[in-house]
Amino acid sequence: MGKKTGKKLKSLLGLIFAFAQQERFSQSYEKSLRLFMDLPPHKGIEAIKWQDQDKKNFLMWFCFEVLHKDKTICDLWIEENKDKSGDILNLAGKLNRSNLALYYVVHEKCSRDKLYMSDLLSHTDILLWEPVIYQLRDKPLVFGLRIIDLGKELLSTGDFYVFPREISEDILGFFHRHLQGYYGEEIESPRGFPRGAGYLLNHLRLTLQRSDEFIRQKKQREKEMEKAKIKKLCSHFMVEDFELAIQKLEELPSITFLGEESGYRFYEWYHDPMLTGKDYPNAGIVLTRQKLVIHCLDIKCFDELKSNIIEVMKDVASHVYDMVIRKKQE
């Protein structure tokens with residue numbers, strides 16, 4: 001980050017953080033702070049012992065993401081500070097409602113004063129400078145980062161979260177191992193977690209749900225499907241060896257077995273193996289002793305899965321025919 005940009009960002013954050021301390025935001029401030037720091041009801045917010053990084057992380061979240069009657073604090077600050085310079089207002093607009101994404105360090109591309117990172121969900125590589133993360137680059141960690149694009153450069157806003165690398169391999173497994181109640185019970189609310197775990201759950205969830213590029217692509221696919229004339233694509237296979245078909249299906253890295261009922265085995269398939277079992281499936285598979293049927297909404301995913309099935313199951317199932325189910329014309 002350029003020195004001038006860095007100074008402008010620091011100055012702007014100071015102004016917005018001070019603005020957030022106004023009495024009109026006090027109720028929202030305390031409620032948000034209790035959630036962020038997993039503070040029990042019997043303790044006042046003055047009991048919090050701040051770490052500098054925690055405080056900055058909270059203020060960034062509170063000012064740029066928490067809504068106050070459908071507006072962020074940054075929205076309100078911009079409305080009341082129209083006299084500020086264009087550069088400052090433009091930077092505030094970039095920050096406003098900016099989101100976190102999960103990144104890991106690409107060690108082989110890093111060199112002195114250069115930090116290469118890759119988005120865990122979109123697999124997009126970025127080049128930026130964040131001194132603390134550079135010092136941690138060799139540790140088995142992933143980082144929640146807020147990145148804004150200024151056109152000529154990518155800018156880390158300095159609020160980041162550190163998680164063990166194991167979450168990138170099995171996010172749901174991580175939740176189950178680390179974020180259960182004292183007696184191994186599933187917990188629905190952050191208040192029910194052991195001390196400190198609510199903080200981790202809240203921000204890991206924010207990081208995953210708000211990965212900019214991933215969510216943007218997902219919403220784009222959903223819009224395209226709404227406009228599409230095709231309701232569903234199906235591909236039918238004749239099964240020659242049922243037991244071997246089960247074995248072959250389970251060898252696919254992006255398949256999840258849902259269960260069996262009345263002789264029907266149900267599976268889900270995910271285009272991205274890293275999201276298997278963690279996101280909405282891209283296709284479904286039904287297997288019986290006589291047939292295997294793929295059903296899918298997206299033509300690209302359909303073609304990829306069908307090709308995979310033909311290759312992996314060439315000795316145990318043979319492709320018979322495809323079928324297109326179209327939407328009724330309104």
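Note that the coordinates shown come from a computational prediction; the quantities given were computed from them, not determined experimentally.

*Asks:* Help me out: how do you make sense of the overall build of the protein chain in this one?
*Replies:* When helices and strands are counted, the protein chain shows 11 helices and 11 strands. The burial tally for the protein chain puts 43% of its 330 residues in the buried class. Within the protein chain, contacts between residues at least 6 apart in sequence are counted, and of these 58% link residues at least 24 apart. Carbon and sulfur atoms form 50% of the exposed surface of the protein chain, whose accessible area is close to 19,300 Å².

*Asks:* Please clarify how the sheet that holds strand S2 (residues 115–119) should be interpreted in this entry.
*Replies:* Hydrogen bonds between backbone atoms are what pair the strands of a sheet, whose relative direction is either parallel or antiparallel. Across the sheet, which stays open at both edges, the five strands sit in the order S3-S2-S1-S4-S5 with antiparallel pairing between neighbours. Each end of this open sheet is capped by a strand with a single partner; those strands are strand S3 (125–128) and strand S5 (154–164). Adjacent strand axes in the sheet meet at a mean angle of 40 degrees, parallel and antiparallel pairs treated alike. Those strands touched by helix H3 (residues 52–64) are strand S4 (141–149) and S5, and its axis lies near 115 degrees from that of S5.

*Asks:* Is there a simple way to explain the side chain of Thr288 in this structure?
*Replies:* Within the secondary structure layout, Thr288 lies in the loop between strand S9 (283–287) and strand S10 (291–296). Owing to a relative accessible area of 7%, Thr288 belongs among the buried residues under this scheme. Setting aside chain neighbours within four positions, we find Thr288 in contact with Val239, Phe242, Gly263 and Tyr264.

*Asks:* Where do I start with the pairing of strand S1 (residues 100–105) in this structure?
*Replies:* A regular strand carries its side chains on alternate faces of the sheet. Buried residues dominate S1, accounting for five of its six residues. Pairing of S1 with S4, which is carried by four bridges, proceeds in the antiparallel orientation. Pairing of Ala101 across the sheet is with Leu145, part of S4. As paired elements, S1 and S2 share three bridges and run antiparallel to each other. Following the sheet pairing, Tyr103 is matched in S2 by Asp119.

*Asks:* Explain helix H5 (residues 86–95) here, please?
*Replies:* Owing to its 3.6 residues per turn, the α-helix aligns residues three or four sequence positions apart on the same side. Within the span of H5, buried status applies to Ile88, Leu91, Ala92 and Leu95. When H5 is viewed along its axis, its buried side chains cluster within an angular range of 100 degrees and face the same direction.

*Asks:* What am I meant to see in a nonpolar patch on the surface here?
*Replies:* On the surface, Met238, Val320, Tyr321 and Met323 cluster together into a nonpolar patch covering about 370 Å² of accessible area. Considering the arrangement of structural elements, one finds Met238 in strand S6 (residues 230–239). Met238 gets classed as partly exposed once you look at its relative accessible area, which sits at 45%.

Each value, and the rule that gives it
Residues numbered from 1 in each chain as written. Predicted model: local features only at pLDDT ≥ 70, side-chain atom pairs only at ≥ 80, totals over all residues. Heavy atoms only, no water. Helix = DSSP H or I, 4+ residues; strand = E, 2+ residues; numbered from the N terminus. Buried < 20%, exposed > 50% of the residue type's maximum accessible area, 1.4 Å probe, protein only. Contact = heavy atoms within 4.5 Å. Areas by Shrake-Rupley, 256 points an atom, 1.4 Å probe, with all protein chains shown as cover. Pairing = 2+ DSSP bridges. Axes fitted to C-alpha atoms, helices over the stretch in contact; angles between N-to-C directions. Arc of directions from axis to C-beta. Patch = residues over 30% accessible without salt bridge, like charges linked within 9 Å, V, L, I, M, F, W, Y side chains within 5 Å. Salt bridge = Lys/Arg side-chain N within 4 Å of Asp/Glu carboxyl O.

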